[in-house]
Amino acid sequence: MPRNVTYRSKPLHRRATSHTRPPSLPHSGNIACFSLTNGINLYAYENFASPSVVVNGYLNVGALDEPTPAKAGLAGFVADCLTRGTQHRTYEQIYEQIEAVGASLNIYSGMFTTGFFAKSLAEDLPLMLDLLSDVMRHPTFSEAEVEKERAEWLTDLHERANSTRAMCSLIFHEMCYPEGHPYHYSTDGYLETAQAITLDDVRRFHAMFYAPSGMCIVIVGAVKSERARDLVEAHFGEWMATRPARNINLDAPPISGRRCRHVDIPGKSQTALLLGAPGPSQLDPQWLTCAMMNSILGQFGMYGRLGERARKDEGLVYYIGSRFEGGLGPGPWNIHAGVNPGAVDRVVEIVRAEMRRMRERKVKSAELDDNKAYFVGSLPLQMETNEGIAGQILNMVRFRRGLDWLLEYPDRVYAITAADVQAAAQRWLDPDHHALATAGPAMGDGK
């Protein structure tokens, strides 16, 4: 083992016995964990049933690190520019090498982190880790390539202005979170910020915030754990950059009353609708119960209770559902729907009635049991591929669930009671205090 790598897997005598854990699930007994001295954590899971290898992970850099709202979108722009050329490869050479082996490599930024994903045959893993390390650590950000990327960004923003769903989401977040709160602003930025961000902004942001401390790498596929460890150490072990600490308050004040806004987008035949409020992060101890409550309301089967009422019984919507968007921070809970423009008021009436029903009455045993069976039964199907396994491991790490979360998952699901579901609804669903955003054809003042 290299000197600056620590083996952190649970000792054998503390692991669950083999007969108590399903062999198809990753857990503390079959995920190898290593820590590099520069703060990188590696989680390797061997799967020789497939000839491929997936690399999934994240760096602790994102929109939270943007200096002001006037630079909104900067974190994402920097991530998009990383593959535009390095000190060792041109933009063309990067993609020629990836395509020559039929592999894929993506880097993308969010609110808290910048994620990366690579997939290749096992024998090409050294190349993919070399490319990943190169673009993260040695981008050149040449003016010509940055301007090409900016042109693509501006095109995306122009397309967003014509999307009912995207514009609805934009004003929904502005109503849910006050000015100055990071969630008030789009991580994709705005036309004015995309045009104002300079080349110096891009280079400065990368130099200040791209660092290995806290970086998480998950490798799943046809590679021995020790081989994965040696490759990560070879390509990332000498990276010693540091970044300033974050000190940001993400608490979101509750919404008082009903806030409504509409965006006119001429020529549309459908109105997009979002109704909701700030919700929990996935670090909340009751997250799984919240997910169960949300499934009953707006996901299970044909969009849960909402689909039963608004779509099946009355035929008012093209789609409808509900979701918690929380991650490491308190993203919103919301109901989303595509609505006949003349039926918006009726759909909102149904939605508020179903929110009250969830708060005031316990769900029936049969309904709860069906959802529990779905939660548990669908879990193995989410891990049929290396991508699915890597995503589950990454979530266990990112949301601090522990590496035996999947083994404990059925027991956690079956322990949820109807009273727990009702308590979650009373905590997060409020039919009288929420934001309502719509986007589509003009609606006048009748909403």
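Residues numbered from 1 in each chain as written. Predicted model: local features only at pLDDT ≥ 70, side-chain atom pairs only at ≥ 80, totals over all residues. Heavy atoms only, no water.

A short note on the packing of helix α11 (residues 344-360) against helix α15 (residues 418-428)
Inclusion rule: Only the stretch in contact is used when fitting a helix axis, every axis being a line fitted to C-alpha atoms; angles between N-to-C directions are given from 0 to 180 degrees. Per the convention used, a helix needs a DSSP run of H or I reaching at least four residues, while a strand needs a run of E reaching at least two, with both numbered from the N terminus. Any angle that is under 35 degrees is reported as roughly parallel, and any over 145 degrees as roughly antiparallel; angles of 65 to 115 degrees are reported as roughly perpendicular and all others as oblique. For a crossing to be left-handed, the near helix must be turned anticlockwise from the far one by less than a right angle; the clockwise case is right-handed. It only takes one pair of heavy atoms within 4.5 Å for two residues to be counted as in contact. Each residue receives one of three labels: charged for Asp, Glu, Lys and Arg, nonpolar for Ala, Val, Leu, Ile, Met, Phe, Trp, Tyr, Cys and Pro, and polar for the others, Gly being one of them.
At a closest axis distance of 7 Å, the pairing of α11 and α15 adopts a crossing angle of 130°. On the basis of the axis angle, α11 is oblique to α15. The chirality of how α11 crosses α15 is left-handed. Across from M358, R359 and E360 in α11, the residues of α15 making contact are V421, Q422, A425 and Q426. Broken down by class, the residue content of the contact of α11 with α15 amounts to three nonpolar, two polar and two charged.

Concerning the pattern of salt bridges
Basically, it comes down to this: Salt bridges, as used here, are contacts in which a Lys or Arg side-chain nitrogen is within 4 Å of a carboxyl oxygen on Asp or Glu.
Under the criterion given, the structure shown has 26 salt bridges. In this structure, R246 engages D65 in a salt bridge whose closest nitrogen and oxygen atoms are separated by 2.9 Å. Placement of the pair is R246 in the loop between α8 (225-236) and β8 (258-264) and D65 in the loop between β4 (52-59) and α1 (74-81), with a sequence separation of 181 residues. Note that R84 is salt-bridged to E149, the shortest N-O span being 2.8 Å.

Overview of helix α7 (residues 199-209)
The following threshold applies: Think of it in three bands: residues with accessible area under 20% of the maximum for their type are buried, residues over 50% are exposed, and the middle band is partly exposed, with areas taken using a 1.4 Å probe on protein chains only. Each C-beta atom gives one direction from the helix axis, and the arc is the one those directions make.
Every buried residue belonging to α7 is among L199, D201, V202, F205, H206 and F209, and all of these are buried. One side of α7 carries all its buried residues, which in axial view fall inside an arc of 165°. Packed against the buried residues of α7 are α1, α3 (125-137), α4 (143-160) and α6 (191-196).

Some words on the sheet that holds strand β10 (residues 317-324)
To keep it simple, the criterion reads: One requirement defines pairing of two strands: DSSP has to find at least two bridges between them.
Sheet architecture is open: five strands sit in the order β8-β12-β9-β11-β10, paired in mixed fashion. Strands at the two margins of the open sheet, each flanked by one partner only, are β8 and β10. Mean inter-strand twist for the sheet, computed between neighbouring axes without regard to direction, equals 10°. In this sheet, strand β12 (residues 434-440) lies alongside β8 in parallel orientation, the contact comprising seven bridges. Among the inter-strand pairings, H262 is bridged to a residue of β12, identified as T438. With respect to the sheet, α11 is in contact with β8, β9 (271-278), β10, β11 (332-339) and β12, its orientation differing from that of β9 by roughly 30°.

Thoughts on the packing of aromatic side chains
Applied cut-off: Ring pairs are drawn from Phe, Tyr and Trp, using the six-membered ring of Trp, whenever the two centres fall within 6.5 Å, and their geometry is named by plane angle: stacked under 30 degrees, edge-to-face over 60, tilted for the rest. Whether a charge sits over a ring depends on NZ of Lys or CZ of Arg being within 6 Å of the ring centre and within 35 degrees of the ring normal.
Scanning the model with the defined rule gives nine aromatic pairs in all. Taken together, the aromatic side chains of W287, F324 and W333 make up a single cluster linked through ring pairs. A cation over an aromatic ring shows up here: R84 above the ring of Y91, its NZ or CZ 4.5 Å from the ring centre. Seen from the ring of Y319, R165 lies directly overhead, with NZ or CZ sitting 4.0 Å from the centre.

A word on the packing of helix α9 (residues 287-298) against α15
Packing of α9 against α15 leaves a shortest axis separation of 9 Å and a crossing angle of 85°. Accordingly, the angle class assigned to the pair α9 and α15 is roughly perpendicular. Facing T289, C290, M292, M293 and I296 of α9, the residues of α15 in contact are D420, V421, A424, A425 and W428. Of the residues assigned to the contact of α9 with α15, the class counts are eight nonpolar, one polar and one charged.

A short note on the side chain of H434
What counts here: Polar contacts, as used here, are pairs of N or O atoms within 3.5 Å; protein pairs need one atom able to donate a hydrogen and one able to accept it. Residues neighboring in sequence count only if both atoms are side-chain atoms.
Within the fold, H434 resides in strand β12. Side-chain polar atoms of H434 contact the side chain of R258, separated by 3.2 Å. In terms of polar contacts, H434 uses its side chain to reach the backbone carbonyl oxygen of D430, at 3.2 Å. Setting aside residues no more than four positions away along its own chain, H434 makes contact with I255, G257, R258, R259, L275, G276 and R352.

As for the confidence of the model for the protein chain
Quick note on the threshold: What pLDDT conveys is the predictor's confidence in a given residue, as a value from 0 to 100.
Confidence along the protein chain averages 93 in pLDDT terms, with 94% of residues attaining 70 or more. Predicted confidence is poor over residues 7-23, with pLDDT under 50, and the contacts of this stretch with residues over four places away or in other chains come to 27 contacts.

Digging into the side chain of H173
Residue position: H173 is located in helix α5 (residues 164-176). Note on H173: relative accessible area 16%, which makes it buried. Among the polar contacts listed, one links the side chain of H173 to the backbone oxygen of S169, at a separation of 2.9 Å. Those residues in contact with H173 that sit more than four places away from it in its chain are Y183, H184, E325 and P332.

Description of the nonpolar core
Inclusion rule: To qualify as a nonpolar core, a set must consist of buried Ala, Val, Leu, Ile, Met, Phe, Trp, Tyr and Cys residues joined through side-chain atoms within 4.5 Å.
Residues Y43, L273, I320, M358, I393 and V421 are the most contacted members of the largest nonpolar core, which totals 64 residues. Apart from the residues within four sequence positions on either side, M358 is in contact with M293, I296, L297, R305, V363, V421, Q422, A425 and L429.

A look at the pairing of strand β7 (residues 216-221)
Counting buried positions along β7 gives six out of six residues, so the element sits mostly inside the fold. Alternating positions in β7 separate into two faces, C216, V218 and V220 on one and I217, I219 and G221 on the other, with burial throughout. Relative to β7, β4 runs antiparallel, the two sharing six bridges. Following the sheet pairing, G57 is matched in β7 by I217.

Focus: unusual backbone geometry
In this model, F141 sits at a positive phi of 50°, which is unusual for a non-glycine residue. Tracing the backbone through its elements, the reader meets F141 in the loop between α3 and α4. We note that R400 has phi near 55°; this positive angle belongs to a residue other than glycine. Here R400 is to be found in the loop between α13 (386-398) and α14 (405-414). The exposure class of R400 is exposed, given its relative accessible area of 66%.

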